[in-house]
Amino acid sequence: MARQSNFTGSNGKPLSVTDQVAVALRRLSSGESLSNIGDLLGINQSTVSQITWRFVEAMEERGLQHLCWPSTEAEMEEIKSNFEKICGLPNCCGSIDTTHIVMTLPTVDHSNDVWIDREKNHSMLLQAIVDPDMRLRDVIVGYPGSLSDAIVLQNSSFYKLSEEGKRLNGKKIELQEGMELGEYIIGDSGFPLLSWLLTPYQNALSDHQAEFNKRHSATQVVAQIALARLKEMWRIIHGVMWLPDKSRLPRIIFVCCLLHNIVIDMEHKGVDELPSSHQHDTDYRQQICETVNKTGIAVRDNLSLFFSGKSSPSTHSS
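Computed from a prediction, not measured in an experiment: that's the story for all the values here.

A. Molecular detail of the layout of surface pockets. Looking at the second largest pocket, its volume works out to about 500 Å³. Lining the second largest pocket are 20 residues, with Arg27, Ile236, Met241, Pro244 and Ile252 positioned closest to its centre. Here the element with the most residues in the lining of the second largest pocket is helix α3 (residues 45-62); it accounts for 4 residues. Tallied by class, residues from the lining of the second largest pocket come to 12 nonpolar, 4 polar and 4 charged.

Right, dumping it as structure tokens:
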């Protein structure tokens, strides 16, 4: 609304702001070509493109508050409580996962080789930390598919803040006498095992390790479902994108993430329209990260041993 525009339909009538938003949402949610949408709505395809990009810019400028890390202790405590209700993981603050946005790029241009992932597709990565209601709380987007989940994480501001003790630094809980558990997130075996990022046991030999893996898997699936829902609802990033502008694509993906959260906020809960499957990366094999942190090993072992007992954790301020 702040910027004047002269967009018109094929009938010559000017397009209102509501019309323009509808055009952009149609483009992002359907994934249809510019020409198909233009023909359907009676608009020149270049106008569809301009309107969509103007909407993306407006969302970047005005919509950032829809994707943020919890800012209050009360909000974080609610997230931790709801994660624990899923399958009993105490003091968990998020679930992390990575998905590939697949692209078709010219193979004759070897500068595109960096985008070739381990499944021989050209792709761009989206890594997201998700809350129990499937809101995206932290995202990093734009890295080439050739990079591992661990490397993308290690280049993120979330990793830096967590390593410096500026994130995941809230209340600790006492699992049992002399055994504390700080705040953490969970991820699959493609991520490093850290004091604040717990991954499953690769070879669960004991009953309590198997129990930990079961609870971990049931909780981590929240991130998988969220990314599947994101791609199903905003289909411009679903399937294979034909010759996308790689400088603009991260911004489009990010705005789809903002819209994903807005829809959840409108529904109050993110479970009204669950995707038919939690497979957001079909045909991609599980990555294995060998990086482990000694403190992470101790934290995971303490938590798995806790599951072999019957006591309930208590909280105190760190």
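Alright, that's what it looks like, and here's the rest.
B. Structural detail: helix α8 (residues 249-267). Between its first and last C-alpha atoms α8 spans 27 Å; for 19 residues at 1.5 Å apiece the expected length is 27 Å, and the two agree. Burial of α8 is extensive: 15 of the 19 residues sit out of reach of the surface.

C. Inspection of the pairing of strand β4 (residues 172-176) at higher detail. Where β4 lies against strand β5 (residues 179-181), 3 bridges are found, and the strand directions are antiparallel. Note on β5: the bridge partner recorded for Ile173 is Leu181. Where β4 folds back on β5, the antiparallel hairpin that results is connected by 2 residues, among which Gly178 adopts a positive phi of roughly 80 degrees.

The rules behind the values
- Residues numbered from 1 in each chain as written.
- Predicted model: local features only at pLDDT ≥ 70, side-chain atom pairs only at ≥ 80, totals over all residues.
- Heavy atoms only, no water.
- 1 Å grid on protein atoms, 1.4 Å probe; cavity = no way out; pocket = protein on both sides within 12 Å on 5 of 7 lines; lining within 4 Å.
- Points joined across faces, edges and corners; volume = space filled by probe spheres on them.
- Helix = DSSP H or I, 4+ residues; strand = E, 2+ residues; numbered from the N terminus.
- Nonpolar A, V, L, I, M, F, W, Y, C, P; charged D, E, K, R; others polar.
- Expected span 1.5 Å × (residues − 1).
- Buried < 20%, exposed > 50% of the residue type's maximum accessible area, 1.4 Å probe, protein only.
- Pairing = 2+ DSSP bridges.

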